[in-house]
Amino acid sequence: MRVLLVGAGGVGTAITRIAARRAFFEAMVVADYDRGRADAAVAALGDDRRFLAESVDAGDEAAVAALLARHRCDLLLNATDPRFVMPLFRAARTAGAGYLDMAMSLSRPHPERPFEECGVRLGDEQFAQAADWEKAGALALVGMGVEPGLSDVFARYAADELFDEIEEIGIRDGADLTVDGHGFAPSFSIWTTIEECLNPPVVYEAGRGWFTTEPFSEPEVFDFPEGIGPVECVNVEHEEVLLVPRWVDARRVTFKYGLGREFIDTLKTLHLLGLDRTEPVTVPGPQGPVAVSPRDVVAACLPDPATLGERMHGRTCAGTWVRGTRNGAPREVYLYHVVDNQWSMAEYGCQAVVWQTAVNPVVALELLATGAWTGTGVLGPEAFPAPPFLDLLTEYGSPWGLREQ
């Protein structure tokens, strides 16, 4: 397998460090708009000649397609933010390569009823092209990070192995991470965090389909395992709610994120001030007016999440809570994956959140390379058997857990 990895930020760099320990691929081309970041990611791997650095604009479909062709890549792995999903998705199809991402094409709220009805949903643009991918015999594996990704694999495993009927699948994410010297320092891309947290959350119910609610709705306290403890979680827009019902039979699907009151209040303030907007505003500059995106300014003012590992403490937990019946009796479980920042920094030099996100696409790549996972069209992680993935994740040195509730 020959892979073009687009994006050499925190997650992209973690992908290279995880993949470097595996033998399933022939080459990985690491490309970024900032050639220096790609060079640094490759240089950190020493003399592993399977990796090489390139420069590319993720929004330039022709340039990405040409890069795929030049390096004879079988698959494009997208480690950029969701703004670049569609150009990279289309470039892979143009070049005849497979495609894998960790976040799907962006949503747009309903113009009149944003907190009741869906407008354009996450992934709609990609699923609209599913027939073209299937006709070509090509695979686009979408939403294959940790959330979405591993959480969806857990949903598939629960449906196949643990339950006869499922009432509700609820993705629940929480952490006890702290960062020395920072009162507000998101552990993941603030651009993506603003997008998913301030958009109308989506809920799925059988018979009703997908609908939306107010941001941060339906707060609940969820007790996370391995010492993290109780964290207040709220509804957030996320791909799992759009993916799981396509392949798993459940009466209700939700996603709730343990943000914390201070984090929620900060996001609400950004929204109140219009600093969550992506549309450029004109501001004065030393050489005249400059058009800038308020959200890009917020991101530039905050520390790069990839650089926080040395000052970060605690654990992060991604998991899937499932309620239903087995052999006629009620059952409730939480399938989860915990990463301790001290471990990920010592073992890989990557902070816990980016490492946890990065390990899952590498596992998926290996399953595709070995033929353990096969398929055509635009498919989510739920479309594949779960045991091979979970077994390989454990082999990577990062086991998962199951707690009866």
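Structure shown above.
Structural notes, computed from the coordinates. None of the values given here were measured: they were computed from a predicted structure. (Residues numbered from 1 in each chain as written. Predicted model: local features only at pLDDT ≥ 70, side-chain atom pairs only at ≥ 80, totals over all residues. Heavy atoms only, no water.)

1. Some details on the overall build of the chain
Next, step 1: The secondary structure content of the chain amounts to 14 helices and 20 strands.
Next, step 2: At 20 Å, the chain has a C-alpha radius of gyration in line with the 22 Å of a compact globule built from 405 residues.
Next, step 3: With the C-alpha coordinates of the chain rotated into their principal frame, the extents come out at 60 × 50 × 45 Å.
Next, step 4: Per-residue burial for the chain yields a buried fraction of 57% across its 405 residues.
Next, step 5: Of the contacts formed within the chain by residues at least 6 apart in sequence, a portion of 70% connects residues at least 24 apart.
Next, step 6: Carbon and sulfur atoms provide 49% of the accessible area of the chain, an area that totals close to 16,300 Å².
Next, step 7: Distance from the positive charge centre (34 side chains) to the negative charge centre (59 side chains) of the chain: 2 Å. (Helix = DSSP H or I, 4+ residues; strand = E, 2+ residues; numbered from the N terminus. Rg over C-alpha atoms; globule rule 2.2 N^0.38 Å. Buried < 20%, exposed > 50% of the residue type's maximum accessible area, 1.4 Å probe, protein only. Contact = heavy atoms within 4.5 Å. Areas by Shrake-Rupley, 256 points an atom, 1.4 Å probe, with all protein chains shown as cover. Lys, Arg positive; Asp, Glu negative; His and termini not counted. Charge placed at Lys NZ, Arg CZ, Asp CG, Glu CD.)

2. Here's the deal with the pattern of salt bridges
Next, step 1: Enumeration over the complete set of coordinates arrives at 30 salt bridges.
Next, step 2: R326 is the salt-bridge partner of D164, the closest N and O atoms lying 3.4 Å from each other. Placement of D164 in the loop between helix 7 (150–162) and strand 7 (165–175) and of R326 in strand 17 (residues 315–326) is noted, with a sequence separation of 162 residues between them.
Next, step 3: With a relative accessible area of 48%, D164 lands in the partly exposed category.
Next, step 4: By relative accessible area, R326 is classed as partly exposed at 30%.
Next, step 5: Residue R252 is joined to E205 by a salt bridge in which the shortest nitrogen-to-oxygen separation is 2.6 Å. Of the two residues, R252 is situated in strand 13 (residues 252–257) and E205 in strand 9 (residues 202–205); the sequence distance between them amounts to 47 residues.
Next, step 6: In the salt-bridge network here, residues are joined through shared partners; they are E168, R172, E205, E218, E220, R252, K256 and R323. (Salt bridge = Lys/Arg side-chain N within 4 Å of Asp/Glu carboxyl O.)

3. Structural notes on the nonpolar core
Next, step 1: Within the largest apolar cluster, 92 residues are counted, with the highest numbers of intra-cluster contacts made by I15, M28, I169, W373 and F389.
Next, step 2: Per element, the largest residue contribution to this core is 11 residues, and it comes from helix 13 (residues 352–370).
Next, step 3: Setting aside chain neighbours within four positions, we find I15 in contact with L5, M28, L77, A79, M102, A358, P361 and V362.
Next, step 4: Core analysis: the second largest hydrophobic core is formed by 29 residues, V56, A58, A65 and F127 among them. (Core = buried A, V, L, I, M, F, W, Y, C linked by side-chain atoms within 4.5 Å.)

4. Focus: the layout of surface pockets
Next, step 1: Roughly 540 Å³ of internal volume is contained in the second largest pocket.
Next, step 2: Lining the second largest pocket are 27 residues, with P109, E195, N199, D276 and R295 positioned closest to its centre.
Next, step 3: In terms of residue count, helix 8 (residues 190–198) provides more of the lining of the second largest pocket than any other element does, 3 residues in total.
Next, step 4: The class makeup of the residues in the lining of the second largest pocket is 12 nonpolar, 5 polar and 10 charged. (1 Å grid on protein atoms, 1.4 Å probe; cavity = no way out; pocket = protein on both sides within 12 Å on 5 of 7 lines; lining within 4 Å. Points joined across faces, edges and corners; volume = space filled by probe spheres on them. Nonpolar A, V, L, I, M, F, W, Y, C, P; charged D, E, K, R; others polar.)

5. Some points on the sheet that holds strand 5 (residues 98–101)
Next, step 1: Taken together, the 7 strands give an open sheet; going across it, the order is 3-2-1-4-5-6-19, and neighbouring strands pair in parallel fashion. Sheet topology places strand 3 (51–55) and strand 19 (377–379) at the edges, where each strand pairs with a single neighbour. For this sheet, the mean inter-axis angle between neighbouring strands, taken without regard to orientation, is 20 degrees.
Next, step 2: In this sheet, strand 2 (residues 27–32) lies alongside strand 1 (residues 2–6) in parallel orientation, the contact comprising 5 bridges. Bridge pairing in strand 2 links L4 to V29.
Next, step 3: On top of the sheet, helix 1 (residues 10–19) reaches strand 1, strand 2, strand 3 and strand 4 (75–78); it is set at about 165 degrees to strand 2, its chief contact.
Next, step 4: Here helix 4 (residues 85–95) sits on the sheet and contacts strand 1, strand 4, strand 5, strand 6 (139–141) and strand 19; the angle it forms with strand 5, its principal contact strand, is near 160 degrees. (Pairing = 2+ DSSP bridges. Axes fitted to C-alpha atoms, helices over the stretch in contact; angles between N-to-C directions.)

6. Digging into the packing of aromatic side chains
Next, step 1: Scanning the model with the defined rule gives 18 aromatic pairs in all.
Next, step 2: When the ring of F25 is compared with that of F51, the centres are 5.5 Å apart and the planes differ by 75 degrees; the resulting orientation is edge-to-face. Pair noted here: F25 is in the loop between helix 1 and strand 2 and F51 is in strand 3, with a separation of 26 residues, a long-range link.
Next, step 3: Ring geometry for F89 against W133: centres 5.0 Å apart, planes inclined by 35 degrees, an arrangement best described as tilted. Of the two residues, F89 is situated in helix 4 and W133 in helix 6 (residues 130–135); the sequence distance between them amounts to 44 residues. (Phe/Tyr/Trp six-rings, centres within 6.5 Å; stacked < 30°, edge-to-face > 60°.)

7. Looking at the side chain of T357
Next, step 1: Take T357: it is sitting in helix 13.
Next, step 2: Of the polar contacts made by the side chain of T357, one reaches the backbone oxygen of V353; its length is 2.9 Å. (Polar contact = N/O pair within 3.5 Å; in protein donor to acceptor, adjacent residues only side chain to side chain.)

8. Focus: a nonpolar patch on the surface
Next, step 1: Nonpolar side chains collect at one region of the surface, where L272, L273 and L275 lie side by side and expose about 320 Å² of accessible area between them.
Next, step 2: Note on placement: L273 falls in the loop between helix 10 (261–272) and strand 14 (281–283). (Patch = residues over 30% accessible without salt bridge, like charges linked within 9 Å, V, L, I, M, F, W, Y side chains within 5 Å.)

9. Section: helix 8
Next, step 1: Along helix 8, 9 of the 9 residues are buried, which leaves the element largely enclosed by surrounding structure.
Next, step 2: Those residues of helix 8 not exposed but buried are I190, W191, T192, T193, I194, E195, E196, C197 and L198.
Next, step 3: Where the residues of helix 8 are buried, they touch strand 13, helix 10 and helix 11 (294–301).

10. Structural notes on empty space enclosed by the protein
Next, step 1: Taken as a whole and judged by the stated rule, the model has 1 cavity of 30 Å³ or more.
Next, step 2: Space inside the largest cavity adds up to approximately 80 Å³.
Next, step 3: Around the largest cavity sit 14 residues that line it, and P109, G119, V120, T212 and E237 are the ones nearest its centre.
Next, step 4: Per-class residue counts for the lining of the largest cavity are 6 nonpolar, 4 polar and 4 charged.

11. Section: the pairing of strand 2
Next, step 1: Extensive coverage of strand 2 is indicated by the burial of 6 of its 6 residues.
Next, step 2: Handedness of the crossover is the feature at issue here: the chain leaves strand 1, passes through helix 1, returns alongside strand 2, and the resulting connection is right-handed.
Next, step 3: The parallel pair strand 2 and strand 3, bridged by helix 2 (residues 35–43), forms a crossover whose chirality is right-handed. (Right-handed = clockwise from strand over helix to strand, strands pointing away.)

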